[in-house]
Amino acid sequence: MSEHLQKAFSPAKLGKLQLKNRILKAATYEGKSPDGVPGELLLDFHREIVAGGTAMTTIGYCTTEADGRINDQMPWMDEQFRPQYTHLITELKSVAPDVKVSGQMTHCGNFTKNRKLQRLKRPLGPSRQLNMLGISAGMPFAGAMKLEDIDYLVKTYRDAALFMKSVGFDAIEIHFSHGYGLSQFISPRSNRRTDEYGGSLENRMRLPLRALDAVREAVGDDFPILGKMGMTDGVRDGLQFDEAIEVAAMLDNAGIDALICSGGTSSFNPMVYFRGETLDKGMLEVETNPIARLGLKYYGPRLFRHYPYEENFFLSDASKIRDRVNCQMVYIGGCTELESLEKVMREGFDFVQMGRPLVKDPHYVNNAMSNPNYRNNCSHCNKCASLIEAPGGIRCVENAPA
Ligand SMILES: Cc1cc2nc3c(=O)[nH]c(=O)nc-3n(C[C@H](O)[C@H](O)[C@H](O)COP(=O)(O)O)c2cc1C
C-alpha cells in the first residue's frame, strides 16, 4: 500500500477527537425515519457503515426545529426523540466501539413541502420568494424572516447542539450549503435583504456566523464542529468562488474545526454536487403527487442539468480553499476509487467524506484495507438519491434489485 493510502487508513485527530482512520461517511439524507421517527431502519443503515470500518458516520438532516424540515417524515432535534437517538448512537458504538458519530445540523429555511408547520404560518427565508418545492404541497410562497425570526433560528441551533451533544453525538456538521436555510442567507440570489443581514458578504454571513457561535457556545471548545459550505451556487446570480473563498476564511476565523467544500443547491442546480446521471427520471419513477410529477416532467430537465461525472470533481477548487484556511480540510465529491483517495491525501487533505461509495459498499474501508486491488465501481446512476422519499429510503439499486 502506498504511503498516501496508508495515511488514509491510519488514525488521525479531528480537532481533539481521535478517529481510527481518515474516511468519514458524508451526510446522505437517508429517508429512513417513517412518520418522523428515527428508528430501526436508520439504525440498520448506519450499522452497516460502522461495521465496515468507516471512522465516523454522519446522520443526515438533523433538523434544528420541527419547521426546519423539508417534509413531514423527518425527525428533528427534540426531547421526544431522545430515546431513539440515544439508542441509535449506543447501538452503533456497540457494533464498533471506536467509531464516532456526527450529525448534520440543518434547517430548510424557505425550501420545504412540509405542510405540518408548528411554529410558522408559512416557510420563511431571507427574502420573500417562490418556494418551488412547496408548489405541489400548496405552499408556493415563502416569506421573509423578521429580526425576531432570525434570533429564534439562532436559538434553535443552540438548543439542537445541546441536545445532540447530550444524546451522544461526537461531532456536529453545520450545513452552510446546498440551498438550505443558512446558505439562503449566504447566496446573493436568495438573500435580497437591505438590513444588516443582506447586501455585503459580511452582512450575508451574519446569520451563519451567529449560528456557528451559538453551536460553539453550546458544545464548548473541545467538541468538533465541521462546516459544509458551497464553493458556488452554480447559477449566474448566486454565490461564486471568489466570495466562497471569503466565506471559508470567515468560518475559519470564527473557529470552525474543519471545512467540507461542496457546491450547487437543491433549489437551483443540484447536479453540481452529484454529477453523473440526472435525478429527474429516477424521481419520476417514485413520485406519486400528480402536481410534482408534472413539475418534474417539465421543470426537471432545466433543474437537473447534465454534468458528466469525473473522479474528485471538486479537488481543484477545494485545494484553493485549503491554501487559504488554517482549519482542517475534509475533501468531498467523487472520491470513489483508491487512486482518487490517494490523490486527495497527497494533496494534503486531512479527511475524506464519501457519500455514494459508502451507500454502494458500506464495507469500503475494511475491503480496501485488505485488498490493494479494491474497486468500488459506483456507477453514479444516482438512483440512491432518487429514493430519498420512496418507502424505505435510500439504497444502492445495483446491490439490491427492487
Ligand atoms: C442519497 C444522497 C443523499 C444526500 N443527502 C445529503 C444531505 O442530506 N446533506 C448533504 O449535505 N448532502 C447530501 N448529499 C450529497 C453528499 O453528501 C455528497 O456531497 C455528494 O454525494 C458527493 O459526494 P460523493 O461523490 O462521495 O457521493 C446526498 C447525496 C446522496 C447520494
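This one's a predicted model, so the numbers in the text were calculated from it and none came from an experiment.

## Quick word on the overall build of the protein chain
When helices and strands are counted, the protein chain shows 16 helices and 13 strands. Projecting the C-alpha coordinates of the protein chain onto the three principal axes gives extents of approximately 55 × 45 × 45 Å. Taking the intrachain contacts of the protein chain between residues at least 6 apart in sequence as the baseline, contacts between residues at least 24 apart amount to 70%.

## Points about the packing of helix α4 (residues 147–167) against helix α7 (residues 206–219)
As a packed pair, α4 and α7 sit with axes 8 Å apart at the nearest point and diverge in direction by 30°. Pair α4 / α7 crosses with right-handed handedness. The segment α4 lies against α7, with Ile150, Val154, Tyr157, Arg158, Ala161, Leu162 and Lys165 engaging Leu207, Arg210, Ala211, Ala214, Val215, Glu217, Ala218 and Val219. Residues belonging to the contact of α4 with α7 are distributed by class as follows: 11 nonpolar, no polar and 4 charged.

## Comments concerning the environment of Gly103
Relative to the helices and strands, Gly103 is located in strand β5 (residues 100–106). Looking at Gly103, the number of C-beta atoms within 10 Å reads 26, which means it is buried. The spatial distance from the C-alpha of Gly103 to the C-alpha of Asp170 is 8.5 Å, given a sequence separation of 67 residues. Look past the residues within four positions of Gly103 in its chain and what remains in contact with it is Thr58, Ile59, Cys62, Met164, Phe169 and Ile172.

## Observations concerning the sheet that holds strand β7 (residues 129–130)
Taken in spatial order, the 3 strands of this open sheet run β6-β8-β7, and their pairing is mixed. Looking at the sheet topology across the chains shown, the edges are occupied by β6 (124–125) and β7. Bridge count between β7 and strand β8 (residues 141–144): 2 bridges; the pairing is antiparallel. By the bridge assignment for β8, Gln129 is matched with Ala142.

## Regarding the site of the ligand
Near the ligand lie 25 residues; those nearest to it are Ala26, Thr28, Tyr29, Gly355 and Arg356. Going through the elements one at a time, β4 (56–63), α9 (271–274), α14 (356–360) and α16 (383–386) are the ones with two or more residues in the shell around the ligand.

## Here's the deal with the UniProt feature "domain: NADH:flavin oxidoreductase/NADH oxidase N-terminal" (unreviewed entry) in the protein chain
Look at the UniProt record and you will see "domain: NADH:flavin oxidoreductase/NADH oxidase N-terminal" (unreviewed entry) annotated at residues 9–262. Secondary structure across residues 9–262 comprises 33% helix and 19% strand; the distance between its end C-alpha atoms is 23 Å.

## Some details on the nonpolar core
Counting 113 residues, the largest nonpolar core has Ile172, Val215, Leu259, Val330, Tyr331 and Val352 as the members making the most contacts within it. With 8 residues, the top contributor of residues to this core is α4.

## Here we look at the pairing of β4
Of all 8 residues making up β4, 8 are buried, and the element is well covered by its neighbours. Pairing geometry for β4 and β5, over 6 bridges, is parallel. Across the sheet, Thr63 pairs through a bridge with Thr106, a residue of β5. In this fold, β4 hands off to helix α3 (residues 82–95), which returns the chain to β5; that crossover is right-handed.

## A look at helix α8 (residues 241–253)
Relative to the 18 Å expected for 13 residues at 1.5 Å per residue, α8 spans 18 Å between its end C-alpha atoms, a close match to the ideal helical length. Glu243, Ala244, Val247, Ala248 and Leu251 are the residues of α8 that are buried. For α8, the angular spread of the buried residues around the axis is 150°, confining them to a single face. Pointing more than 90 degrees away from the buried face of α8 are the exposed residues Asp242 and Asn253. Of the surrounding elements, those touching the buried residues of α8 are α5 (181–186), α6 (201–204), α7, β10 (225–230), β11 (258–262) and α12 (315–324). Note on α8: the residue one or two positions beyond its end, Gly255, has a positive phi of about 100°.

## With respect to the environment of Asp317
Of note, Asp317 is situated in helix α12. A tally of 17 C-beta atoms within 10 Å means that Asp317 is categorised as partly exposed. It is 17 Å that separates the C-alpha atoms of Asp317 and Leu251, two residues lying 66 residues apart in sequence. Excluding residues that lie within four positions of it along the chain, Asp317 makes contacts with Met231, Phe241 and Cys261.

## Notes on unusual backbone geometry
With glycine set apart, most residues show a phi of negative sign, and most peptide bonds adopt trans. Notably, Tyr61 is not glycine yet its phi reads approximately 45°, a positive angle. With respect to the helices and strands, Tyr61 occurs in strand β4. Owing to 25 C-beta atoms within 10 Å, Tyr61 belongs among the buried residues under this scheme. Even without being glycine, Asn377 reaches a positive phi, approximately 65°. Residue position: Asn377 is located in the loop between α15 (364–370) and α16.

## What to know about the pairing of β11
With 5 of 5 residues buried, β11 is to be regarded as a mostly interior element. Side chains Ala258, Ile260 and Ser262 project from β11 onto one buried face, and the interleaved Leu259 and Cys261 project onto a second face that is buried too. Looking at chain direction, β10 and β11 are connected through 5 bridges and run parallel. Within the sheet, the bridge partner assigned to Lys228 lies in β11 and is Ile260. The β-α-β motif built from β10, the intervening α8 and the parallel element β11 has right-handed crossover chirality.

## Quick word on helix α13 (residues 338–346)
Since one α-helical turn is 3.6 residues long, residues separated by three or four positions face the same way. Burial in α13 covers these residues: Leu338, Ser340, Leu341, Val344 and Met345. Buried positions in α13, seen along its axis, are confined to an arc of 160° and lie on one side of it. At its buried positions, α13 is contacted by α1 (3–8), α12, β12 (328–332), β13 (351–354) and α15. Gly348 sits one or two residues past α13 and shows a positive phi near 90°.

What counts, and where the lines are drawn
Residues numbered from 1 in each chain as written. Predicted model: local features only at pLDDT ≥ 70, side-chain atom pairs only at ≥ 80, totals over all residues. Helix = DSSP H or I, 4+ residues; strand = E, 2+ residues; numbered from the N terminus. Contact = placed C-beta atoms within 7 Å. Axes fitted to C-alpha atoms, helices over the stretch in contact; angles between N-to-C directions. Left-handed = near helix turned anticlockwise from the far one by under 90°. Nonpolar A, V, L, I, M, F, W, Y, C, P; charged D, E, K, R; others polar. Buried ≥ 20, exposed ≤ 12 C-beta atoms within 10 Å, placed from the backbone. Pairing = 2+ DSSP bridges. Near = placed C-beta within 6 Å. UniProt positions renumbered as here; feature names shortened; annotations may be inferred. Core = buried A, V, L, I, M, F, W, Y, C linked by C-beta atoms within 7 Å. Right-handed = clockwise from strand over helix to strand, strands pointing away. Expected span 1.5 Å × (residues − 1). Arc of directions from axis to C-beta.

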